[in-house]
Amino acid sequence: MRDNVFTPPHIVVALDFPDQQQALQFSRQLDPQRCRLKVGKELFTRAGTQVVEQLIDSGFDLFLDLKFHDIPNTVAGACAAAADLGVWMINVHALGGRCMMEAARNAVEQSRHQPLLTAVTILTSMDENGIHEIGLAGTPRDNVMRLAALAKESGMDGVVCSPCEAADLRREHGAEFCLVTPGVRPSWADRGDQNRTMTPAEARKVGADYLVIGRPITASTDPLEALAAIEKEI
Ligand code: C5P
């Protein structure tokens with residue numbers, strides 16, 4: 001395995017809960033030394049900035065996964081607002097284009113806090129048919145490689161991708177380009193709506209820095225045991 005440019009913990013637990021109370025209750029079982037946390041659209045839309053602030057106050061590094069995709073001015077404002085919360089990572093959609101990503105970069109640079117800024121390439125739930133349906137030619141991999149190159153040129157710290165593309169991205173962009181991979185499924189977990197998946201050990205081996213894992217942990221009857229099993233595997 002390559003040198004650790006991006007430090008542990010490498011597991012990012014996706015807190016996809018319908019309310020603040022469930023999310024906070026769940027987080028109390030977890031240890032900031034062993035995992036980071038991700039707040040996405042469901043929890044943020046229900047609970048807003050308060051839950052983000054409470055999780056950060058509890059000592060967790062927080063990935064605010066709101067995948068901004070709008071005109072540059074709007075995305076810049078949203079990124080500045082997200083950075084001001086003191087989160088560890090934020091993201092935008094690479095499909096928003098160069099000007100949008102450059103505006104996001106500038107906004108973060110002018111903020112008091114400087115979260116890692118990543119771009120979603122192609123959602124891990126999309127397969128080749130889904131990509132063609134929205135008018136993109138080529139394979140998911142072709143699109144991920146093209147969008148990741150654009151994201152890097154536009155000042156992103158890294159990309160959100162499937163572990164299936166991580167080895168090629170690592171080869172192409174080197175150790176300092178952060179690879180965040182959802183679509184991680186231990187052999188004992190359901191794939192659910194994710195399409196381009198790998199196990200946690202495989203994902204780390206091919207160069208993923210941070211593994212975003214939700215339901216295999218949060219929907220488990222014993223979340224701590226699930227987390228421990230994943231840690232042991234990687
Ligand atoms: O439960 P599961 O492990 O599938 O959760 C994956 C998490 O990662 C979800 O919160 C989802 O929104 C997020 N995500 C993703 N694919 C992306 C970007 C983020 O699944 N491309």
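Residues numbered from 1 in each chain as written. Predicted model: local features only at pLDDT ≥ 70, side-chain atom pairs only at ≥ 80, totals over all residues. Heavy atoms only, no water.

Draft legend 1. Just the nonpolar core, in detail. Counting residues in each nonpolar core, the largest one holds 61 residues, and the members touching the most others are Leu37, Leu64, Cys79 and Val92. Element by element, the count of residues in this core is highest for helix α4 (residues 98-109), at six residues. The contacts of Leu37, once residues within four sequence positions are left out, are Val12, Val13, Leu15, Ser27, Leu30, Leu55, Phe60, Asp61, Leu62 and Phe63. Counting residues in hydrophobic clusters, the runner-up holds 13 residues, among them Phe63, Met89, Cys178 and Val180. (Core = buried A, V, L, I, M, F, W, Y, C linked by side-chain atoms within 4.5 Å. Buried < 20%, exposed > 50% of the residue type's maximum accessible area, 1.4 Å probe, protein only. Helix = DSSP H or I, 4+ residues; strand = E, 2+ residues; numbered from the N terminus. Contact = heavy atoms within 4.5 Å.)

Draft legend 2. Structural detail: the packing of aromatic side chains. Applying the stated rule across the entire model yields three aromatic pairs. Ring plane angle 45° and centroid distance 5.2 Å describe the contact between Phe17 and Phe26, whose orientation is recorded as tilted. With 4.9 Å between their ring centres and 90° between their planes, Trp88 and Tyr210 make a pair best called edge-to-face. Of this pair, Trp88 sits in the loop between α3 (72-84) and β4 (89-93) while Tyr210 sits in strand β8 (residues 210-213), and the two are 122 residues apart along the sequence. Given the relative accessible area of 2%, Tyr210 is considered buried. One aromatic cluster is present, formed by Phe6, Trp88 and Tyr210 through successive ring pairs. (Phe/Tyr/Trp six-rings, centres within 6.5 Å; stacked < 30°, edge-to-face > 60°.)

Draft legend 3. Structural view of the layout of surface pockets. Estimates place the volume of the largest pocket at around 590 Å³. Considering the residues around the largest pocket, the lining is formed by 28 residues, among which Asp16, Lys38, Asp65, Lys67 and Gln194 are closest to the centre. Those elements that place two or more of their residues in the lining of the largest pocket are α2 (41-57), β3 (62-68), β8 and α9 (215-218). Among the elements that line the lining of the largest pocket, the one with the most residues is β3, at three residues. Residue classes in the lining of the largest pocket are distributed as 11 nonpolar, eight polar and nine charged. (1 Å grid on protein atoms, 1.4 Å probe; cavity = no way out; pocket = protein on both sides within 12 Å on 5 of 7 lines; lining within 4 Å. Points joined across faces, edges and corners; volume = space filled by probe spheres on them. Nonpolar A, V, L, I, M, F, W, Y, C, P; charged D, E, K, R; others polar.)

Draft legend 4. Structural view of the packing of helix α1 (residues 20-27) against α2. Their axes nearest at 9 Å, the elements α1 and α2 cross at an angle of 40°. Taken together, the axes of α1 and α2 lie oblique to each other. Crossing of α1 against α2: the hand is right-handed. Residue-level inspection shows Gln20, Ala23, Leu24 and Ser27 of α1 in contact with α2, the latter providing Leu43, Ala47, Gln50, Val51, Gln54 and Leu55. (Axes fitted to C-alpha atoms, helices over the stretch in contact; angles between N-to-C directions. Parallel < 35°, antiparallel > 145°, perpendicular 65-115°, else oblique. Left-handed = near helix turned anticlockwise from the far one by under 90°.)

Draft legend 5. Expanded view of the site of the ligand. The ligand sits among 17 residues. The nearest are Asp16, Lys38, Arg185, Gly214 and Arg215. The contact in question runs from an oxygen atom of the ligand to an N or O atom on the backbone of Arg215, over 2.7 Å. Surface burial for the ligand is 88%, taken as the share of its 470 Å² of free accessible area covered by protein chains. Here the ligand is seated within the largest pocket. Broken down by secondary-structure element, the contributors of at least two residues to the shell around the ligand are β3, β8 and α9. Here the shell around the ligand is composed, by residue class, of eight nonpolar, three polar and six charged. (Near = heavy atom within 4 Å. Polar contact = N/O pair within 3.5 Å; in protein donor to acceptor, adjacent residues only side chain to side chain. Areas by Shrake-Rupley, 256 points an atom, 1.4 Å probe, with all protein chains shown as cover. Sits in = over half its atoms within 2 Å of the grid points.)

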